[in-house]
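# Observations on the three-dimensional arrangement
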Amino acid sequence: MSELVFDEASHSYHLDGERLPSVTGIINKILPYDYSASEWHMQRGTATHRACELLDNASLNWLTVDPEILPRVKAWEAFRRDMPMDLVAVEERLAHSGFRYAGTLDRIFRRNGKLICADIKNSVSAQVKLQLAFYSLLWTHNKKQTIDSAVAVELTEDGNYKCHWMTARELRIAERQALALLTVYNFARENNLLEKKS
């Protein structure tokens, strides 16, 4: 069985020794976001994700939460309270052995027997639809279960949240678009049209 290895320092994925492009790396190379995230913003995002992970694992010490991210963590707590769902997976790293890419799924939930892929965001752009689609394909490939819907949960600095839902039909369309994007990415990489890092 293939082994996926994640290197935290370089944020890179390796499957059986081969470095695989990440979901966000694929998207950013072909359809870059219209803002440039600073190191501070990336660290804030990482800290927010970590705190939400601890919250979902019932091991968060609120006294250790930085005031900068506290409202966003409270927003995630509110989302979990307002939308009761069974937690299936938290921050699960997966690779697609066929399409040769990898990523970390923020959450998989189950509600009324249906699987929901969720991504935690400090801000949301259209690209998140492709991100959720890539994650859905990863889950289906590895777990042999179809994701029924998806949601990007935008956590705001005022302690509120906004849900950006995708229906099953929208998700299936986005999956086809994600694979088309991956095809373009692979062409660009094979013809040295990308920077070395992905």
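Residues numbered from 1 in each chain as written. Predicted model: local features only at pLDDT ≥ 70, side-chain atom pairs only at ≥ 80, totals over all residues. Heavy atoms only, no water.

## Here's the deal with the overall build of the chain
Within the chain, the secondary structure is distributed over five helices and eight strands. In summary, the chain has a C-alpha radius of gyration of 17 Å against a globular reference of 16 Å for 198 residues, a match within 12%. By principal-axis analysis of the C-alpha atoms, the chain measures approximately 50 × 40 × 35 Å. Residue burial in the chain is summarised as follows: out of 198 residues, 42% are buried. Of the contacts formed within the chain by residues at least 6 apart in sequence, a portion of 63% connects residues at least 24 apart. (Helix = DSSP H or I, 4+ residues; strand = E, 2+ residues; numbered from the N terminus. Rg over C-alpha atoms; globule rule 2.2 N^0.38 Å. Buried < 20%, exposed > 50% of the residue type's maximum accessible area, 1.4 Å probe, protein only. Contact = heavy atoms within 4.5 Å.)

## Section: helix 2 (residues 39-56)
Given a rise of 1.5 Å per residue, 18 residues ought to cover 26 Å, and the 26 Å separating the end C-alpha atoms of helix 2 matches this to within 8%. Within helix 2, burial applies to Arg44, Gly45, Thr48, Ala51, Cys52, Glu53, Leu55 and Asp56. Ala58, located one to two residues past helix 2, shows a positive phi value of around 60°. (Expected span 1.5 Å × (residues − 1).)

## Describing the packing of helix 2 against helix 3 (residues 70-82)
Direction vectors running N to C along helix 2 and helix 3 enclose 40°, while the axes themselves pass 9 Å from each other. Judged by the angle between their axes, helix 2 and helix 3 are oblique. The chirality of how helix 2 crosses helix 3 is right-handed. Taking contact as the criterion, the partners of Arg44, Thr48, Ala51, Cys52, Leu55 and Asp56 in helix 2 are, on helix 3, Arg72, Val73, Trp76, Glu77 and Arg80. Within the contact of helix 2 with helix 3, the residues separate by chemical class into five nonpolar, one polar and five charged. (Axes fitted to C-alpha atoms, helices over the stretch in contact; angles between N-to-C directions. Parallel < 35°, antiparallel > 145°, perpendicular 65-115°, else oblique. Left-handed = near helix turned anticlockwise from the far one by under 90°. Nonpolar A, V, L, I, M, F, W, Y, C, P; charged D, E, K, R; others polar.)

## Considerations on the nonpolar core
Ranked by internal contacts, the top residues of the largest apolar core, which has 31 residues, are Tyr101, Ile108, Phe134 and Trp139. Mapped onto this core, the elements with two or more residues apiece are helix 1 (23-30), strand 4 (86-96), strand 5 (101-111), strand 6 (114-121), helix 4 (128-143), strand 7 (149-155) and helix 5 (168-190). At nine residues, the largest contribution of residues to this core is made by helix 4. Beyond its immediate stretch of four places on either side in the chain, Phe134 contacts Val23, Ile26, Ile27, Tyr101, Ala178, Leu181 and Leu182. Core analysis: the second largest hydrophobic core is formed by 19 residues, Leu55, Val65, Ile69 and Ala75 among them. (Core = buried A, V, L, I, M, F, W, Y, C linked by side-chain atoms within 4.5 Å.)

## A few points about unusual backbone geometry
Unusually for a residue other than glycine, Ala58 sits at a positive phi of about 60°. By secondary structure assignment, the location of Ala58 is in the loop between helix 2 and helix 3. Notably, Lys144 is not glycine yet its phi reads approximately 60°, a positive angle. Of note, Lys144 is situated in the loop between helix 4 and strand 7. Looking at Lys144, the relative accessible area reads 66%, which means it is exposed.

## Remarks on the environment of Ala51
The residue Ala51 is located in helix 2 in this model. Sequence separation of Ala51 and Asp119 is 68 residues, and the distance between their C-alpha atoms is 14 Å. Residues in contact with Ala51, not counting those within four places in the same chain, are Leu60, Ile69 and Val73.

## Section: the pattern of salt bridges
The full count for this structure, using the stated rule, is 12 salt bridges. The salt bridge involving Arg81 is made with Asp82; its shortest N-O contact spans 3.7 Å. The exposed category is assigned to Arg81, whose relative accessible area is 56%. On the basis of relative accessible area, Asp82 is assigned to the partly exposed category, the value being 41%. For Glu91, the salt bridge goes to Arg107, with nearest N and O atoms at 3.2 Å. One end of the pair, Glu91, is in strand 4; the other, Arg107, is in strand 5, with 16 residues separating them in the sequence. Overall, the relative accessible area of 0% leaves Arg107 in the buried class. (Salt bridge = Lys/Arg side-chain N within 4 Å of Asp/Glu carboxyl O.)

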